[in-house]
Amino acid sequence: MDKMWYLKQIDIFQDLKEPQLQKVEKFAIHKFLKKKELVYLPGDRSDKVYLLKEGRVKVSRLSEDGKEMTMVILEPGEIFGESALYSDSKTRSTMAEALDDALVCTVYRRDFEDMLKNQPELSLKLTKEIGKRRREIESRLEDMVFRSVPGRLAHLLLNLAEKYGVEKPEGLLLDVPLTHLEIANLIGSTRETTTTELNNLKREGLIAVKKRDIYLTDVEGLEDLAEVYE
């Protein structure tokens, strides 16, 4: 598929006319990433903006002791690395890693800033997109402060079901492949504790696990658990 088709799939570009998309295409650099390949690390130059076209990318923050906390998991059509546009810092404070084989489009900050100046509607869309993501991150941080690990896990599973849930005979399948470590990083826990809590949910009949697939078998029970363990 050509660049123009991919650009039309990016959320903030969907309403752009063909001539406007052609201007974007001039600046766009396509790059294929292998699963687990890093896009950037803390300390890297913050001079590019990224558009995710295929696959998934996670954006994480590392603590001083090297512990990883996943801030957000991005889907095709989303933008990331946008702090390059709004932060005075010349270096990254987060890391981005491909969760699957992925295709990203890279635009240098100066070129993206020119696009925003010439197309004000893009700036408004980008502001809304960033605001939505910040609310998601703030909600996760609130979970870590006010909920215990069982409550955070139940809340995460319910949120994943809203975004990725697929009705199956076994229950509500979370159609997003996540390892126990990735789940742990999303709720601010350890892999060992997360595995223990997932096993507890299985014993209580709230979820079922087949191979690496997680099915929610009692959504109301998970909702009660998320409320109890606030």
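Engineer: Could you give an account of the nonpolar core, with specific residues and numbers?
Structural biologist: Counting residues in each nonpolar core, the largest one holds 27 residues, and the members touching the most others are Leu-174, Leu-201, Ile-207, Leu-216 and Leu-222. Elements with a minimum of two residues in this core: α6 (149-164), β10 (171-174), α7 (180-187), α8 (191-203), β12 (213-216) and α9 (219-228). The dominant element in this core, judged by the number of residues it contributes, is α6, at nine residues. With sequence-adjacent residues up to four places away left out, Leu-222 is seen in contact with Ala-154, Leu-158, Leu-201, Leu-206, Ile-207 and Leu-216. Core analysis: the next-biggest nonpolar cluster, separate from the first, contains 20 residues, Phe-13, Ala-28, Cys-105 and Leu-122 among them.

Engineer: Which residues make up the sheet that holds strand β6 (residues 79-80), and what are the values?
Structural biologist: The antiparallel open sheet is built from four strands, whose spatial order is β1-β8-β3-β6. Every interior strand has two partners, whereas the edge strands, β1 (29-33) and β6, have only one. Across five bridges, β1 lies against strand β8 (residues 102-108) in antiparallel orientation. Bridge assignment links Phe-32 to a residue of β8, and that residue is Leu-103. Strands in contact with helix α4 (residues 109-118) are β3 (48-54), β6 and β8; relative to β8, the strand with the most contacts, it is inclined by about 75 degrees.

Reading the values: the criteria
- Residues numbered from 1 in each chain as written.
- Predicted model: local features only at pLDDT ≥ 70, side-chain atom pairs only at ≥ 80, totals over all residues.
- Heavy atoms only, no water.
- Core = buried A, V, L, I, M, F, W, Y, C linked by side-chain atoms within 4.5 Å.
- Buried < 20%, exposed > 50% of the residue type's maximum accessible area, 1.4 Å probe, protein only.
- Helix = DSSP H or I, 4+ residues; strand = E, 2+ residues; numbered from the N terminus.
- Contact = heavy atoms within 4.5 Å.
- Pairing = 2+ DSSP bridges.
- Axes fitted to C-alpha atoms, helices over the stretch in contact; angles between N-to-C directions.

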